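# Remarks on the overall topology
This is what each chain is made of:
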Amino acid sequence: MEGGAYGAGKAGGAFDPYTLVRQPHTILRVVSWVFSIVVFGSIVNEGYLNSPSESEEFCIYNRNPNACGYGVTVGVLAFLTCLLYLALDVYFPQISSVKDRKKAVLSDIGVSAFWAFLWFVAFCFLANQWQVSEPKDNPLNEGTDAARAAIAFSFFSIFTWAGQAVLAFQRYQIGADSALFSQDYMDPSQDSSMPYAPYVEPNTGPEPTSMGGTYQQPASAFEPEPQGYQSQGY
């Protein structure tokens, strides 16, 4: 059975890295993976500031630890999710079950849409907290570029994950419309329930209008011909 929209190549076929890296959803996964690294890396490295009057670090986003915590959590989990689905893309051609392939594509739709929503929340949350931050908390403008980068790449991640959801939905639609992906599909040549067509003997007689003839047993050469009584005149 062909892989079609549910995968590259044939089910159970060999892994082809060249085909994998050319797939749009795989490219978007790699881009999303890089964006997630930028977000949580920027916050972890430069998102916490030290104040001479305070012994503990505070979040650069309006001193709100929830903002930094949410950005780091979403970034790390998105990083791991990208790796998980990249591994699924590699393993996908080896899946021979149609049901398992459909489940994988459906999960891709749901997870990608969910992450697009989480990144939208992250962008709104971080942007709002950055906007209300007081300049006196960071007089030297330390980590401002990293804070803006986290906000910007949170915004970009909305579209990369939404794009993955759209592509996965298109793959599911194409696969669902294909008869080869129907669980009830059966090769007509292998359907044992179909009755055999009746045999019609071709006509070899002189009558051209008849497409078939009925079999008649030829007269036996040894069968005596009927003889009637013949009267003789006297």
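The text that follows walks through the structure, step by step, so that each part is easy to find. Position numbers for residues start from 1 in each chain and track the written sequence from start to end. With the structure being a predicted model, the display of local features is reserved for residues of pLDDT at least 70 and the display and counting of side-chain atom pairs for 80 or more, all residues being used for whole-chain, interface and lining totals. For side-chain calculations, the full set of non-hydrogen atoms in the structure is used, while hydrogens and water are omitted.

### Examining unusual backbone geometry
Positioned with a positive phi, Asn62 is a non-glycine residue whose angle comes to about 60°. Strands are runs of DSSP state E lasting at least two residues, helices are runs of H or I lasting at least four, and both sets are numbered from the N terminus onward. By the element assignment, Asn62 lies in the loop between strand E2 (58-59) and helix H3 (65-91). Burial classes follow relative accessibility: with a 1.4 Å probe on protein chains only, a residue under 20% of its type's maximum area counts as buried, one over 50% as exposed, and anything between as partly exposed. The partly exposed category is assigned to Asn62, whose relative accessible area is 26%. A positive phi angle is found at Arg63, which is not glycine, with a value near 60°. Positionally, Arg63 belongs in the loop between E2 and H3.

### A closer look at the pattern of salt bridges
Salt bridges are identified by distance alone: a Lys or Arg side-chain nitrogen within 4 Å of an Asp or Glu carboxyl oxygen. By the definition in use, this model includes 5 salt bridges. The residue Arg29 makes a salt bridge to Asp89 at a minimum N-O spacing of 2.7 Å. Residue Arg29 is found in helix H2 (residues 24-46), and its partner Asp89 is found in helix H3; the two are separated by 60 residues along the sequence. On the basis of relative accessibility, which here comes to 2%, the residue Arg29 falls in the buried class.

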